[in-house]
Amino acid sequence: LTHAVSLGNGFVDFDDPVIFLENPLLRRSDAGALADIFALDRRNWRPLRDVSHWLDHLVHGQHPLLAHLHNLLLLIPLVWLTARTFVGLGASRGVAAVAAAIAFVHPVQVEVIAWVSGRKDLLAGVCFFASVLAFLTAVRGRRALNMAVLGGVAILAFMALGVMAKGHLIALPAVLGALLL
């Protein structure tokens, strides 16, 4: 109920027109659009965000209610991963649940709920916390070598996806290094 008001929002005049409504790549339904979305010569290269919006266009066109609902549905795994990461860092399940509930009820950036174009932050957040959780599992677990390699692959995959959502995640290795201290 906290975020139900966002479902009545239309598109916001800041980034939503440029990123979602007027993006010619999103209006194409051919497989070549995917290649163009991942093309490295694009000025605003955020292919994970753009693939997510492209899928929205394929499913429902430019319906603001469904685009906002997609953002809200992405908030669920973000909150769950946040709580799991807090537990992985040593917090009790109760503290982790309270922290996750606060993050869900009032995210640090309300744009992720209010703007359809805020999806890049949701996707980056999911990838960030998934990578940190995979890192904590790999570092603290006593598992066979093949599981450690699999954990390393998961860390790199989530980090790469996160950078494709929002370039700020390029700093993730520094965060992971700090967790070793």
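Residues numbered from 1 in each chain as written. Predicted model: local features only at pLDDT ≥ 70, side-chain atom pairs only at ≥ 80, totals over all residues. Heavy atoms only, no water.

1. Re the overall build of the chain
Within the chain, the regular secondary structure consists of nine helices and zero strands. Ordering the α and β elements of the chain from the N terminus gives α-α-α-α-α-α-α-α-α. Whereas a compact globule of 181 residues would reach a radius of gyration of roughly 16 Å, the chain reaches 18 Å, a difference of no more than 12%. Summarising its shape, the C-alpha atoms of the chain cover approximately 50 × 40 × 25 Å along the three principal directions. When burial is assessed residue by residue, the chain has 40% of its 181 residues classed as buried. For the chain, long-range pairs separated by at least 24 residues make up 71% of all intrachain contacts whose partners lie at least 6 apart in sequence. In the form shown here, the chain has an accessible surface area of approximately 9,900 Å², with 70% of it arising from carbon and sulfur atoms. (Helix = DSSP H or I, 4+ residues; strand = E, 2+ residues; numbered from the N terminus. Rg over C-alpha atoms; globule rule 2.2 N^0.38 Å. Buried < 20%, exposed > 50% of the residue type's maximum accessible area, 1.4 Å probe, protein only. Contact = heavy atoms within 4.5 Å. Areas by Shrake-Rupley, 256 points an atom, 1.4 Å probe, with all protein chains shown as cover.)

2. Regarding the nonpolar core
Grouped together as the largest cluster of nonpolar side chains are 22 residues, with contacts concentrated most on Leu75, Leu78, Leu81, Ile113, Leu122 and Leu169. Counting residues per element, the ones that place at least two in this core are α4 (64–88), α5 (93–105), α6 (111–114), α7 (119–140) and α8 (145–165). With eight residues, the single largest contributor to this core is α7. In contact with Leu78, not counting residues within four places along its chain, are Leu122, Gly125, Val126 and Phe129. Counting residues in hydrophobic clusters, the runner-up holds ten residues, among them Leu26, Ile37, Val51 and Val116. (Core = buried A, V, L, I, M, F, W, Y, C linked by side-chain atoms within 4.5 Å.)

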